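Topology and contacts: notes
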Amino acid sequence: MTRPVRSFLLLTSAIALIACADKEGGTTNEDSSQNNGGQIIGFYAPSQQPVIKTISGSYLAGQFAQGQHDWGKATDFFEDILNKDPENADIQRRVMALSMGSGNYDRAIDIAEKLVKKNKEESLALLILALNDFKTANYKEARTRISSIKTDGLSAAITPLLMAWIEGAEGKFNPDTL
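Here's a quick rundown of the structure.

Overview of empty space enclosed by the protein
- Per the counting criterion, the structure on display carries one cavity of 30 Å³ or more.
- Looking at the largest cavity, its volume works out to about 40 Å³.
- The wall of the largest cavity is formed by Ala130, Leu131, Phe134, Ala142, Ile146, Leu162, Trp165 and Ile166.
- Contributing elements (two or more residues each) for the lining of the largest cavity: α7 (123-135), α8 (139-147) and α9 (155-169).
- Here the lining of the largest cavity is composed, by residue class, of eight nonpolar, no polar and no charged.

Shown next as structure tokens:
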């Protein structure tokens, strides 16, 4: 028997078995539309199994969403982890950064406050809180927070600019700040 003939026989046998299963009580189109709200996918309705969330699944899904630049979904997945492990500082930092990236500033500020209460040297949390202080015209508190940020890496370039903004907002001008 040639290969095309074998393939054809295998395909027709599979179709015949599927047709027999449907006549013996399998899911029909009518059953699918009743069980699935009228939404039919192919000939069978999708499974109605509940989704069980796990920490590892949420982590992997969050990583994938973040890699796809879907900050909102990534935040949601990491929030699931944070709900199960609320004291995890690494996940708190990740949720804080993703919340800022997705535009959920209030959530990022809430987490930043929690992180700074535990550790006064959380640079990103201090920066977020300082920007919030700047936004609310609380320049003295913003100056205090910015002064406490370690001046290493990128913060060495950002800190003088933020101090200059504060001075400008207060009506002061000091070119030496930059």
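Digging into the packing of α8 against α9
- α9 packs onto α8 with a crossing angle of 165° between their chain directions and a minimal axis gap of 10 Å. As judged from the angle between their axes, α8 and α9 are roughly antiparallel. Remark: the crossing between α8 and α9 carries left-handed chirality. Where α8 abuts α9, its residues Tyr139, Ala142, Arg143, Ile146 and Ser147 lie against Thr159, Leu162, Met163, Ile166, Glu167 and Ala169.

Overview of the environment of Leu162
- Looking at the secondary structure, you find Leu162 in helix α9.
- Sequence spacing of Leu162 and Ala142 is 20 residues, and the spatial spacing of their C-alpha atoms is 9.0 Å.
- Excluding its chain neighbours within four sequence positions, the residues that come into contact with Leu162 are Leu127, Leu131 and Ile146.

What counts, and at which threshold
Residues numbered from 1 in each chain as written. Predicted model: local features only at pLDDT ≥ 70, side-chain atom pairs only at ≥ 80, totals over all residues. Heavy atoms only, no water. 1 Å grid on protein atoms, 1.4 Å probe; cavity = no way out; pocket = protein on both sides within 12 Å on 5 of 7 lines; lining within 4 Å. Points joined across faces, edges and corners; volume = space filled by probe spheres on them. Helix = DSSP H or I, 4+ residues; strand = E, 2+ residues; numbered from the N terminus. Nonpolar A, V, L, I, M, F, W, Y, C, P; charged D, E, K, R; others polar. Axes fitted to C-alpha atoms, helices over the stretch in contact; angles between N-to-C directions. Parallel < 35°, antiparallel > 145°, perpendicular 65-115°, else oblique. Left-handed = near helix turned anticlockwise from the far one by under 90°. Contact = heavy atoms within 4.5 Å.

That is the geometry; function is a separate question.
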